[in-house]
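This is what each chain is made of:
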Amino acid sequence: MSKVFRFILISLVSFLFISCDEYDILEPSATSTFGIRHDKNLSDYETAASSIGDYPDFGSVVMFSYSLNGSDDHEYIASGTLIAPGWILTAGHNFYVAEEQKQPASANGIMVFIGNDPNNPEGEYEVEKLIFHPTWLQDNQDFVNANDLCLVKLKTPITSLTPVPLFSTKSETVGSKVWFCGFGDYSKLAGQNADLFSKKHAIENVLDRSIHGINTFINGKTYSGGLLAFDFDSPTGDINTLGDSEINEDEALLGAGNSSAEALELEGTTVEGDSGGPVFVKDGNSWKLAGVLSAGVPEPVKGHQDSSYGDISVFIRVSSQIEWIKSIVY
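Residues numbered from 1 in each chain as written. Predicted model: local features only at pLDDT ≥ 70, side-chain atom pairs only at ≥ 80, totals over all residues. Heavy atoms only, no water.

A. Highlighting the overall build of the protein chain. Scanning the protein chain from N- to C-terminus turns up three helices and 15 strands. Taken over C-alpha atoms, the radius of gyration comes to 18 Å for the protein chain, in line with the 20 Å a tight globule of 330 residues would show. Based on the C-alpha atoms only, the size of the protein chain along its principal axes is roughly 50 × 45 × 40 Å. Evaluated residue by residue, the protein chain yields a buried proportion of 58% over its 330 residues. Pairs at least 24 residues apart make up 75% of the contacts formed inside the protein chain by residues separated by at least 6 positions. Within the structure as shown, the protein chain displays about 13100 Å² of accessible surface, and the carbon and sulfur contribution to it stands at 47%. Averaging the positions of the 20 positive and the 45 negative side-chain charges in the protein chain gives two centres separated by 8 Å. (Helix = DSSP H or I, 4+ residues; strand = E, 2+ residues; numbered from the N terminus. Rg over C-alpha atoms; globule rule 2.2 N^0.38 Å. Buried < 20%, exposed > 50% of the residue type's maximum accessible area, 1.4 Å probe, protein only. Contact = heavy atoms within 4.5 Å. Areas by Shrake-Rupley, 256 points an atom, 1.4 Å probe, with all protein chains shown as cover. Lys, Arg positive; Asp, Glu negative; His and termini not counted. Charge placed at Lys NZ, Arg CZ, Asp CG, Glu CD.)

Below, the structure is given as structure tokens:
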């Protein structure tokens, strides 16, 4: 069973991480960190999320907040991407996991925050409907079936943001630089206020894997899916999990390939609360949404701490699911 980046439960008294190990990381070190390089500040990644130039349009990345019991507590958070004025693409597990829930979360009460700081959002929007990938409700096994997707229809379209274009061809360049953006929880890092939501952050990495041909079936129809993945390389170059010889069962699902051990300037990985967030891949001169964060590979190296060096993030490949997405949204 792969490590899933579930939505997270927020409490002003304590933090309960759903389906993950507890983190005790407060001060990153050269051997252990949380989500970001040990020699960088979280503010560097928050600044990147608002940068312009040769960057994706991170403005399209939004945060979900809600309560499973329909109250106004809004204790769960997750990430997603605006792909049309009234539609957000995210991960299915943000709203339904069979082993944890009897039924999918109700659209009523799910709020969408836009802007870089969810504590002071630029806008708040209500959700009208959740449309899960057709096979997710019966085969929700993390990224194994490459179907961990959900389309979220808003009650009111978001007109102040530009929807992100989708990567629609099967030609993502493995080895190219990519960007990920989300609202993952960094409250346990030194200097962070545990009573506040974490701000939007962006990390860069290198696309290490791209596979397709993972099929699921329902009502006589076949749905073809695929996966993208990258690892979190240490600045010292001694941890490169998608380039080493240690391959566990979940890592094997990503297929064979190579991986550079060189860490990028804002190298990073995904953390709790980033679920459903986008990985952007360049298509010509345009950054496009190529993958939706589903989960991470558990213990890619012995003694691995989640979201530390060696972490492997796995995304549902958008190009493999483009027909289903377009059948609903466009």
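The structure having been displayed, the exposition proceeds.
B. A look at the nonpolar core. If you look at the biggest cluster of nonpolar residues, it comprises 65 residues, and the most contacted ones within it are I83, L89, L151, L227 and I325. At six residues, strand β14 (residues 286-296) tops the list of elements feeding residues into this core. For I83, the residues in contact, after removing those within four places along its chain, are L89, L151, P163, V164, L166, L289, I325, V329 and Y330. Of all hydrophobic cores here, the second largest spans 24 residues; its members include I110, V112, L130 and I158. (Core = buried A, V, L, I, M, F, W, Y, C linked by side-chain atoms within 4.5 Å.)

C. Here's a closer look at the pairing of strand β8 (residues 150-154). Summarising burial for β8: four of the five residues are buried, a large majority. Here strand β7 (residues 123-132) pairs with β8 via five bridges, running antiparallel. By the bridge assignment, F132 is partnered in β8 with C150. (Pairing = 2+ DSSP bridges.)

D. Highlighting the pattern of salt bridges. Tallied over the full model, the rule gives eight salt bridges. Between K40 and E265 there is a salt bridge whose closest N-O contact spans 2.4 Å. Here K40 is found in the loop between β2 (8-9) and α1 (42-48), whereas its partner E265 is found in the loop between α2 (249-252) and β13 (278-283), with 225 residues between them in sequence. Between E204 and K177 there is a salt bridge, and its shortest N-O distance comes to 3.4 Å. Placement of the pair is E204 in strand β10 (residues 201-206) and K177 in strand β9 (residues 177-182), with a sequence separation of 27 residues. (Salt bridge = Lys/Arg side-chain N within 4 Å of Asp/Glu carboxyl O.)

E. Highlighting the environment of E323. Within the secondary structure, E323 is located in helix α3 (residues 322-329). E323 gets classed as exposed once you look at its relative accessible area, which sits at 70%. As a C-alpha pair, E323 and S168 span 155 residues in sequence and 9.0 Å in three-dimensional space.

F. Quick look at the packing of aromatic side chains. Tallying each qualifying case throughout the model produces ten aromatic pairs. Here F58 and W179 contribute two aromatic rings whose centre-to-centre distance is 5.9 Å and whose plane-to-plane angle is 70°, an arrangement assigned as edge-to-face. Of the two residues, F58 is situated in the loop between α1 and β3 (61-66) and W179 in strand β9; the sequence distance between them amounts to 121 residues. Its relative accessible area of 2% is what places F58 among the buried residues. For the ring pair F58 and F280, a centre distance of 5.8 Å and an interplane angle of 75° mean the geometry is edge-to-face. Of the two residues, F58 sits in the loop between α1 and β3 while F280 sits in strand β13, which places them 222 residues apart along the sequence. A connected cluster of aromatic rings, assembled from ring pairs, spans Y55, F58, W179 and F280. (Phe/Tyr/Trp six-rings, centres within 6.5 Å; stacked < 30°, edge-to-face > 60°.)

G. Representation of the pairing of β13. Direction of pairing for β9 relative to β13: antiparallel, over a ladder of two bridges. Across the sheet, residue F180 finds its bridge partner in β13, namely V279. Relative to β14, β13 runs antiparallel, the two sharing six bridges. Within the sheet, the bridge partner assigned to V281 lies in β14 and is K288. Here β13 hands over to β14 after two residues, with G284 in that stretch at a positive phi of 70°.

In short, geometric facts, not functional conclusions.
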